[in-house]
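What follows is the residue order along each chain.
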Amino acid sequence: SERERDLFESKRSEEEEEESKSGSGTREEKMLPTTSRSRSSSSSSRANPMFLQYFRRIVKWQQMDVEYTFWQMLNLCTSPKVVYQHTKYHKQTKNQWARDDPAFIVICILLLAVATVAYCATYDHSSSHAVVVVVSVLLSHFLITGAIIATCCWFLTNSYLREEAPNSHVVEQRVEWLYTFDVHCNSFFPMFVLLYVIHYFLSPILITHGFIPLLLSNLLFMVGASYYHYLNFLGYDVLPFLERTTFFLYPIGVVIVLSPILILSGFNPSRYFMNMYFSQRL
């Protein structure tokens, strides 16, 4: 009958509506996990930045590659370009220019502390003053000065030395702050060998009065400062997206010009710094 046909069609239409609602619900349920997964991945990437992973490895000595660090230190004194060639390989494998291993910084701090203790044992008479000297040298000569230099180089390279992207499809690259601090550490180590280790063994001669000690002291400091800035230049010249990196060689000219002036004026940097830090007057 017509009445039964109407009832049958009304039930059928209700079932189709329910199926369409359930189908849309399942489609929404399938889409929801994708959204939540993307949010969780982005939040996890923000929660685990490179700095946290870096500082977390400082307290885990077994995770540091000490052998590779000493290889880098040796080559920074003999063939620094090889070290920065390996920096390119690190970028290709780890997708970052900065080291992810804090072993270099830790070993530099330990070596600097040992060298300062040796100076204090020779030229200082107070153990309490020696502790102050060690802490001040670690902070002022390495960490604080290094952080200031790294910040200035980071700002300079990202603001003025980056190449302009040829088109909008090229990914914009920036210098990592941690990489600038790595460059400072690399440049500091050969200078440490010259002005802390070799200087320590030559100090009985360098601190005496006379023209020869004056000349040798200034030459040693000139070579150490010039080599520091040369390694600074190599560290930024290896980055393919920077231009005009010869800017980092300009301080070498300033050092070369100042050295004869200091020699003619009778300024002995060895005596100056030894009198500044240690209680024994020279």
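Residue positions are given per chain, counted from 1 along the sequence in the order it is written. Residues qualify for local features only when their pLDDT is at least 70, as the model is predicted, and side-chain atom pairs are given and counted only at 80 or more; totals for whole chains, interfaces and linings, by contrast, use all residues. To get the side-chain values, take all heavy atoms of the structure and skip hydrogens and water.

The name an unreviewed UniProt entry assigns to the protein is UNC-50 family protein, from the organism Capsella rubella. As its UniProt record puts it under Subcellular location (unreviewed entry), the protein is described as follows: "Membrane". In UniProt, the protein has this text filed under Sequence similarities (unreviewed entry): "Belongs to the unc-50 family." UniProt positions are given in the numbering used here, feature names are shortened, and annotations may be inferred rather than shown by experiment.

Caption draft 1: Here's a closer look at the overall build of the protein. We count a stretch as a helix when DSSP gives it H or I for four or more residues in a row; a strand needs E for two or more, and each element gets its number in order from the N terminus. A count of helices and strands for the protein gives 10 helices and zero strands. Helices and strands in the protein line up, N terminus first, as α-α-α-α-α-α-α-α-α-α. Buried, partly exposed and exposed residues are distinguished by accessible area as a fraction of the type maximum, computed with a 1.4 Å probe on protein chains only: under 20%, between the cut-offs, and over 50%, respectively. Expressed as a percentage of the 282 residues in the protein, the buried residues total 37%. A contact between two residues is defined here by any heavy atoms of the two lying within 4.5 Å. In the protein, the proportion of contacts linking residues at least 24 apart, taken out of those at least 6 apart, comes to 78%.

Caption draft 2: Looking closely at the packing of aromatic side chains. For Phe, Tyr and Trp, where Trp contributes only its six-membered ring, two rings pair if their centres lie within 6.5 Å, and the inter-plane angle classes them as stacked under 30 degrees, edge-to-face over 60, or tilted in between. This structure, assessed with the given rule, holds 22 aromatic pairs. Geometrically, a lysine NZ or arginine CZ counts as sitting over a ring once it is within 6 Å of the ring centre and also within 35 degrees of the ring normal. Here Arg-99 stacks its cationic end above the ring of Phe-104, 4.2 Å away from the centre of that ring.

Caption draft 3: Region of interest: helix H10 (residues 269-277). Among the residues of H10, Pro-269, Ser-270, Arg-271, Met-274 and Tyr-277 are the ones counted as buried. Summarising the contacts, the buried residues of H10 are in contact with helix H5 (103-123), helix H6 (127-161), helix H7 (177-206) and helix H8 (211-237).

Caption draft 4: Up close: a nonpolar patch on the surface. Patch rule: a residue counts if its relative accessible area is over 30% and it has no salt bridge; like charges are joined within 9 Å, and nonpolar side chains (Val, Leu, Ile, Met, Phe, Trp, Tyr) within 5 Å. The Shrake-Rupley method, run with a 1.4 Å probe sphere, supplies the accessible areas, and residue values consider only the shown protein chains as cover. For this analysis, a salt bridge means a side-chain nitrogen from Lys or Arg found within 4 Å of a carboxyl oxygen belonging to Asp or Glu. Nonpolar side chains collect at one region of the surface, where Val-197, Ile-198, Phe-201, Leu-202, Ile-205, Phe-211, Ile-212, Leu-216 and Leu-219 lie side by side and expose about 820 Å² of accessible area between them. For the nonpolar patch, the elements supplying multiple residues, two or more each, are H7 and H8. Broken down by element, the residue count for the nonpolar patch peaks at five residues, all from H7. Turning to its location among the elements, Leu-202 is positioned in helix H7.

Caption draft 5: A look at the nonpolar core. Nine residue types can take part in a nonpolar core, namely buried Ala, Val, Leu, Ile, Met, Phe, Trp, Tyr and Cys, and a core is a set of them joined through side-chain atoms within 4.5 Å. If you look at the biggest cluster of nonpolar residues, it comprises 37 residues, and the most contacted ones within it are Leu-112, Tyr-196 and Phe-278. Contributing elements (two or more residues each) for this core: helix H3 (66-78), H5, H6, H7, H8 and H10. Once residues within four sequence positions are removed from consideration, Phe-278 is found in contact with Tyr-119, Cys-120, Tyr-123, Asp-124, His-129 and Val-133. Leu-161, Leu-178, Tyr-236 and Leu-239 belong to the second-largest nonpolar core, a separate cluster that totals 18 residues.

Caption draft 6: The environment of Gly-224, seen in detail. Structurally, the position occupied by Gly-224 is in helix H8. Each C-alpha atom, one on Gly-224 and one on Pro-190, is 7.4 Å from the other, the two residues being 34 residues apart in sequence. When neighbours within four sequence positions are excluded, Gly-224 is seen to be in contact with Met-191 and Leu-194.

Caption draft 7: The UniProt feature "transmembrane region" (unreviewed entry) in the protein, seen in detail. In this numbering, the UniProt entry assigns the feature "transmembrane region" (unreviewed entry) to residues 103-123, 130-157, 205-228 and 248-267. Secondary structure content for residues 248-267 is 80% helix and 0% strand, while the C-alpha to C-alpha distance between its ends is 26 Å.

Caption draft 8: Quick peek at the packing of H3 against H5. Between H3 and H5, whose axes approach to 9 Å, the crossing angle comes to 70°. Between H3 and H5, the angle is such that the two are roughly perpendicular. Of the two possible hands of crossing, H3 and H5 adopt the one that is right-handed. Residues Val-66, Thr-69, Phe-70, Gln-72, Met-73 and Leu-76 of H3 pack against Ala-103, Phe-104, Ile-107, Cys-108 and Leu-111 of H5. A per-class count over the contact of H3 with H5 returns nine nonpolar, two polar and no charged. Lines fitted to C-alpha atoms define the axes here, with helix axes fitted over just the stretch in contact, and angles between the N-to-C directions of these axes take values from 0 to 180 degrees. The labels follow the angle: roughly parallel below 35 degrees, roughly antiparallel above 145, roughly perpendicular from 65 to 115, and oblique for the rest. It is the rotation of the near helix from the far one that decides the hand of a crossing: anticlockwise by less than a right angle makes it left-handed, clockwise makes it right-handed. Asp, Glu, Lys and Arg are counted as charged, while Ala, Val, Leu, Ile, Met, Phe, Trp, Tyr, Cys and Pro are counted as nonpolar; the rest, among them Gly, fall into the polar class.

Caption draft 9: Structural context of the environment of Tyr-160. With respect to the helices, strands and loops of the structure, Tyr-160 is situated in helix H6. Counting along the chain gives 82 residues from Tyr-160 to Leu-242, while the straight-line C-alpha distance between them is 9.1 Å. Residues within four places of Tyr-160 in sequence aside, it is in contact with Phe-155 and Arg-244.

Caption draft 10: Representation of unusual backbone geometry. Of note in this structure, Asn-95 is not a glycine but carries a positive phi near 60°. In this structure, Asn-95 sits in the loop between helix H4 (80-94) and H5. Given the relative accessible area of 61%, Asn-95 is considered exposed. Phi is positive for Arg-244, close to 55°, though the residue is something other than glycine. On the secondary structure map, Arg-244 appears in the loop between H8 and helix H9 (250-265). Look at Arg-244 and you get partly exposed, because its relative accessible area is 48%.

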